[in-house]
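Each chain is listed here by its residues.
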Amino acid sequence: MYPQTQQLLHDLVTQKIVPGISYALINRSEVLTQTFGWRELVPQRQQLTPGLQYDLASLTKVIGTTTVILQLVEAKRLALTDTVQRFLPEFQDERVQLWHLLTHTSGIAGFIPNRDQLPAAELKAALLKLPVTSTFGRKVVYTDIGLLYLGWIIETIYQQPVQQVITEQVLQPLRLHDATFTPDPARCVPTNTRYGQLLQGIVHDPKARVLGEHCGSAGLFASLTDLQQFAQWYLGQRPDLPQLISRAFIKKLYADYTHHQLGRSLGWDLRYPRQGQPLLYHTGYTGTMLMLDDELQQGLIVLTNRVHPHEQNNAFLDWREKIAQQFIAELPN
């Protein structure tokens, strides 16, 4: 199954691009999983073992926040054309709608002085004051801001912290037993260090550390088993799990939701094979990746700690792109 993709995945470790890797390849009802390499290199070398939890980084966006938003849209408690201002009146631009946030076409951007040193309430206030730039509606600029806003919109509807809502509305119903925002550090693959402290079971993303349970853009930890279960649910392969979003709605996600064909679905990036419908695709800064093909019932899950032991690891980004392209090239005919 996907021999050349597997070779590239193994090469990530043997070429010392990442310390270790856990991955899954889904081919209809067949699933192949592998875990190998090192859990950590510093302060001491430890072997990677199956079942450990990874900092998913931005996969939190599609597994958690996007899933809740799509539930609310399908239940008609939200509309994609609702304005952000309807739910977050502190935000001043009346043009921006929910679909702009989901497709990263909102144009919201700006510099926040001392951002990572601000307390949570001040950081939220500063983020909601950011201006809409000239890229509005015309360009995809991938950013956490839209998903942070969507998390706060979820909070206004549920009157609960967004991470609590994700836990109750997504993680628990889908029986993702190792998926959590409050992991046991002993069960976690570490990322890198901050101020001399190994980040193990502590979210890597600085905004998520400040915002805590009010962050919908990062913060989720999970095992390969959880990601496999989520992927198979998304592909309609788990009728034993509840339909949090209908199959019909999920199938509609394999389409471009921008007005200028910019290659983004609702929450997801799109990747295009030579023929057939696009694939759903998303990555996470810490070295995570998820790719799904509903038409052919295929999937790829990659979990690494690519920021360990050093934050700057641009080589991984090139390898990740090669792996994504190779997986698409090896899709069954």
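Here, every reference points to the structure presented above.
Now for a description of the structure that goes with this document. What you see is a predicted model, and the numbers here were worked out from it, not measured in a lab.

1. A closer look at helix H7 (residues 162-171)
Part 1: The complete set of buried residues in H7 reads Val 162, Gln 163, Val 165, Ile 166, Val 170 and Leu 171. Looking straight down H7, one finds that the buried residues subtend no more than 160 degrees of arc, so they occupy a single side.
Part 2: In this fold, the buried residues of H7 make contact with helix H2 (59-74) and helix H6 (145-158).

2. Describing the environment of Leu 130
Part 1: The residue Leu 130 is located in the loop between helix H5 (120-128) and H6 in this model.
Part 2: Its relative accessible area of 7% is what places Leu 130 among the buried residues.
Part 3: Sequence separation between Leu 130 and Phe 111 is 19 residues, and the spatial gap between their C-alpha atoms is 8.1 Å.
Part 4: Apart from the residues within four sequence positions on either side, Leu 130 is in contact with Phe 91, Ile 108, Ala 109, Gly 110, Phe 111, Ile 112 and Ile 145.

3. What about the environment of Val 140?
Part 1: Of note, Val 140 is situated in the loop between H5 and H6.
Part 2: Along the sequence, Val 140 and Gly 236 sit 96 residues apart, while their C-alpha atoms lie 29 Å from each other.
Part 3: Look past the residues within four positions of Val 140 in its chain and what remains in contact with it is Thr 103, His 104, Thr 105, Thr 258, Leu 262 and Arg 264.

4. Considerations on the packing of H6 against H7
Part 1: For the pair H6 and H7, interaxial distance at closest approach is 9 Å and the crossing angle is 75 degrees. With respect to each other, H6 and H7 are oriented roughly perpendicular. For the pair H6 and H7, contact is made by Gly 151, Ile 154, Glu 155 and Tyr 158 and by Val 162, Val 165 and Gln 169, respectively.

5. Digging into the sheet that holds strand S10 (residues 288-293)
Part 1: Here seven strands make up an open sheet; going across it, the order is S3-S2-S1-S11-S10-S9-S8 and the pairing antiparallel. Since the sheet does not close on itself, it has two edges, and those belong to strand S3 (46-47) and strand S8 (269-271), each with one partner.
Part 2: In this structure, strand S2 (residues 30-40) lies alongside S3, joined through two bridges in antiparallel fashion. Looking at the pairing, Trp 38 lines up with Gln 47 of S3.
Part 3: Contacts from helix H1 (residues 3-14) reach strand S1 (20-27), S2 and strand S11 (298-304) within the one sheet, and its direction differs from that of S1 by about 170 degrees.

6. Considerations on the nonpolar core
Part 1: With 82 residues, the main nonpolar core has Tyr 149 and Tyr 234 as its most contacted residues.
Part 2: When neighbours within four sequence positions are excluded, Tyr 234 is seen to be in contact with Leu 70, Arg 247, Ile 250, Leu 253, Trp 268, Leu 280, Leu 292 and Asp 294.
Part 3: Val 13, Phe 36, Leu 279 and Met 289 belong to the second-largest nonpolar core, a separate cluster that totals 24 residues.

7. As for the pattern of salt bridges
Part 1: Counted according to the given criterion, the structure contains 13 salt bridges.
Part 2: Taking the shortest distance from any N to any O, the salt bridge between Arg 187 and Asp 178 comes out at 3.1 Å.
Part 3: Judged by its relative accessible area of 31%, Arg 187 falls in the partly exposed class.
Part 4: For Lys 207, the salt bridge identified is with Asp 205, shortest N-O distance 3.9 Å. For the residue pair Lys 207 and Asp 205, the accessibility class agrees, reading buried in each case.

Criteria and thresholds
- Residues numbered from 1 in each chain as written.
- Predicted model: local features only at pLDDT ≥ 70, side-chain atom pairs only at ≥ 80, totals over all residues.
- Heavy atoms only, no water.
- Buried < 20%, exposed > 50% of the residue type's maximum accessible area, 1.4 Å probe, protein only.
- Helix = DSSP H or I, 4+ residues; strand = E, 2+ residues; numbered from the N terminus.
- Arc of directions from axis to C-beta.
- Contact = heavy atoms within 4.5 Å.
- Axes fitted to C-alpha atoms, helices over the stretch in contact; angles between N-to-C directions.
- Parallel < 35°, antiparallel > 145°, perpendicular 65-115°, else oblique.
- Pairing = 2+ DSSP bridges.
- Core = buried A, V, L, I, M, F, W, Y, C linked by side-chain atoms within 4.5 Å.
- Salt bridge = Lys/Arg side-chain N within 4 Å of Asp/Glu carboxyl O.

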